[in-house]
Amino acid sequence: MSTSWNRAIEVMPGGVNSPVRAFTAVGGTPPFIASASGPYLKTEDGAEFIDFIASWGAIIFGHADPEVVEAIARAATKGTSYGLPTVGEVKFAEQVTRMVPSIEMLRMVNSGTEATASALRLARGSTGRDVVVKFEGCYHGHADAFLVKAGSGAATFGVPDSPGVPNGTASTTRIARFNDIASVATAIEPGDVAAVIVEPVAGNMGVVPPEPGFLEDLRRLTELHGALLIFDEVMTGFRVGPQGAQGRYDIAPDLTTLGKVVAGGTPGALFGGGRDLMSQMAPSGPVYQAGTLAGNPIVVSAGLATLRRIASDPGLYGRLEAAGSELETRLAAAMHRHGIDGAVQRVGAMLTVFFGPSSVRSWDDAATLDRDQFARFFHGALRRGVMLPPSPFEAMFLMDSHTDADVLEAAASALESAIGDAK
Ligand SMILES: *Cc1c(COP(=O)(O)O)cnc(C)c1O
């Protein structure tokens, strides 16, 4: 064990500031990252990896993107936080509302967790109802209401529910099965549901696409029963397309949460929706929510630089799609060649190799995957210079810098060989 790790576990629970980083699901100890550039991570030991964690999807172009870094540096010289309005916040909000039509107004927060918790409060406040319906295997941050059957983080550690979540809170969370509209109908039937929240492309039980009609049915059912539909696009926003999953599948939710890419790799997120609904937030309305560092100038500058680049690069998602498709095809072929059962599932720049199940439609399927095979695949990739997310219930994320032919070839051939190690 490295001395850094020995020091880390003395001063941080499990050595980390977010559980999945501890490599518990795959064994071993994590490297300490010294720097990153484009598709590459460099460790404190001087090793270099092609990175498919991409800050859990927050990085869309590549690490240390010069335009984003310059925007942050320029902002920092003017002061890092004021606690008063800035023009940057207005430009950022205008940019988001231009790019995502269902969002007419938004509020910035500091993390995806805050975005979903605040969106739920607004849904409850505006409907006067308490119950939220979520899907088993979907993750919406670690707020109490959502920490029930919450996918990757909890699944990785085999604790479905966290101690510390009050029974009373958990009892207002109702669980449905992803891609199973009948289970949603049952959950929503009593008429007490404030909102149905969904990852429109599930990414926190590995990548699980919505089946044709599923999101349409969710839209119809929520409308019918007076519940709001919340798309948690913290992961999918600006990743599966320029308007996220809602653009890709052409469904307008009532509320959207965005994080990760929208803040350009800095700690920012937001929730937004129609003007009438968002106007119910304080101070224009009664639903309270606030943030000392919300709309922080560093976050705003990184987010705005990222969104402007996305908006001015019409080829971006085509490149990500092509690279993702090549990787998907080659990894699926390698599974077949090595005689390994499983499935490679992908939507845009999110991809998961499932060892075991021949297809994954919901958590019931994901739960059957072979964790040991994944751990061998993970370490095989690591030995060959590729950093995968250290959990079988996560997505690999492509960045634009992976679409370089040489980088993609190096990554694909390393991963093909690593699949052989999984056996
Ligand atoms: C990452 C994620 C969150 C939580 O975001 P944090 O910034 O980690 O709090 C919420 N929802 C989804 C879908 C996510 O992928």
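Note that the structure is a prediction, hence the values are computed from the model and not measured.

Undergrad: Account for a positive patch on the surface, with residues named and values stated.
TA: Together, K78, K91, R98 and R308 make up a region of like positive charge exposed at the surface. Along the chain, R308 falls in helix α12 (residues 297-311). We classify R308 as partly exposed; its relative accessible area is 44%.

Undergrad: Give a detailed account of the site of the ligand, specifying residues and quantitative values.
TA: Close to the ligand lie S111, G112, T113, Y139, H140, G141, E199, N204, D232, V234, M235 and K260. For the ligand, an oxygen atom lies 2.7 Å from a polar atom in the side chain of T113. Between the ligand and the protein, one listed contact pairs a nitrogen atom with a backbone N or O atom of Y139 at 3.3 Å. When the free accessible area of the ligand is taken as 380 Å², the share hidden by the protein chains comes to 82%. Of the residues belonging to the shell around the ligand, the class tally is three nonpolar, six polar and three charged.

Undergrad: I'd like a rundown of the sheet that holds strand β11 (residues 342-347), residues and numbers included.
TA: Read from one edge to the other, the open sheet built from three strands follows the order β11-β12-β14, with strand pairing classed as antiparallel. Each edge of the open sheet is held by one strand with a lone partner, namely β11 and β14 (396-397). Where β11 and strand β12 (residues 350-355) come together, six bridges link them in antiparallel fashion. Looking across to β12, one finds that V347 is bridged to M350. In this fold helix α13 (residues 316-337) packs onto β11, β12 and β14, with an angle of close to 175 degrees to the strand it touches most, β11.

Undergrad: So what's going on with the pattern of salt bridges? Which residues, and what values?
TA: Counted by the stated rule, this structure contains 21 salt bridges. Salt-bridge contacts for K42 lead to E48; the nearest nitrogen and oxygen are separated by 3.4 Å. Residues joined in a network through salt bridges with shared partners are R248, E321, E328 and R346.

Undergrad: Which residues make up the domain arrangement of the protein chain, and what are the values?
TA: One can read the domain layout of the protein chain as domain 1 (21-51 + 319-421) and domain 2 (66-311). Contacts between the two partners involve 25 residues from domain 1, matched on the other side by 25 residues from domain 2. Across the domain 1 to domain 2 interface the summed buried area is about 2,100 Å²; carbon plus sulfur atoms make up 59%. Taken together, the links from domain 1 to domain 2 amount to three salt bridges. R361 is paired through a salt bridge with E211; the nearest N and O atoms lie 2.5 Å apart. Viewed at the interface, domain 2 and domain 1 are joined by nine residue pairs in polar contact (both at pLDDT 80 or more). Elements with a contribution of two residues or more to the side of domain 1 that touches domain 2: β11, β12 and α14 (363-366).

Undergrad: Before we move on, could you go through the nonpolar core and cite the residues and values that matter?
TA: If you look at the biggest cluster of nonpolar residues, it comprises 63 residues, and the most contacted ones within it are F52, F238, I310, F377 and L415. With nine residues, the single largest contributor to this core is helix α16 (residues 405-422). Per-domain counts for this core show at least three residues from each of domain 1 (21-51 + 319-421) and domain 2 (66-311). For I310, the contacting residues outside a window of four places in its chain are I60, F61, M99, F238, V261, L316 and Y317. Among the nonpolar cores identified, the runner-up in size contains 29 residues, and F135, A187, A366 and F393 belong to it.

What counts and how
Residues numbered from 1 in each chain as written. Predicted model: local features only at pLDDT ≥ 70, side-chain atom pairs only at ≥ 80, totals over all residues. Heavy atoms only, no water. Patch = residues over 30% accessible without salt bridge, like charges linked within 9 Å, V, L, I, M, F, W, Y side chains within 5 Å. Areas by Shrake-Rupley, 256 points an atom, 1.4 Å probe, with all protein chains shown as cover. Salt bridge = Lys/Arg side-chain N within 4 Å of Asp/Glu carboxyl O. Lys, Arg positive; Asp, Glu negative; His and termini not counted. Charge placed at Lys NZ, Arg CZ, Asp CG, Glu CD. Helix = DSSP H or I, 4+ residues; strand = E, 2+ residues; numbered from the N terminus. Buried < 20%, exposed > 50% of the residue type's maximum accessible area, 1.4 Å probe, protein only. Near = heavy atom within 4 Å. Polar contact = N/O pair within 3.5 Å; in protein donor to acceptor, adjacent residues only side chain to side chain. Nonpolar A, V, L, I, M, F, W, Y, C, P; charged D, E, K, R; others polar. Pairing = 2+ DSSP bridges. Contact = heavy atoms within 4.5 Å. Axes fitted to C-alpha atoms, helices over the stretch in contact; angles between N-to-C directions. Domains from an automatic or database assignment. Buried area = accessible area lost by both parts, 1.4 Å probe. Core = buried A, V, L, I, M, F, W, Y, C linked by side-chain atoms within 4.5 Å.

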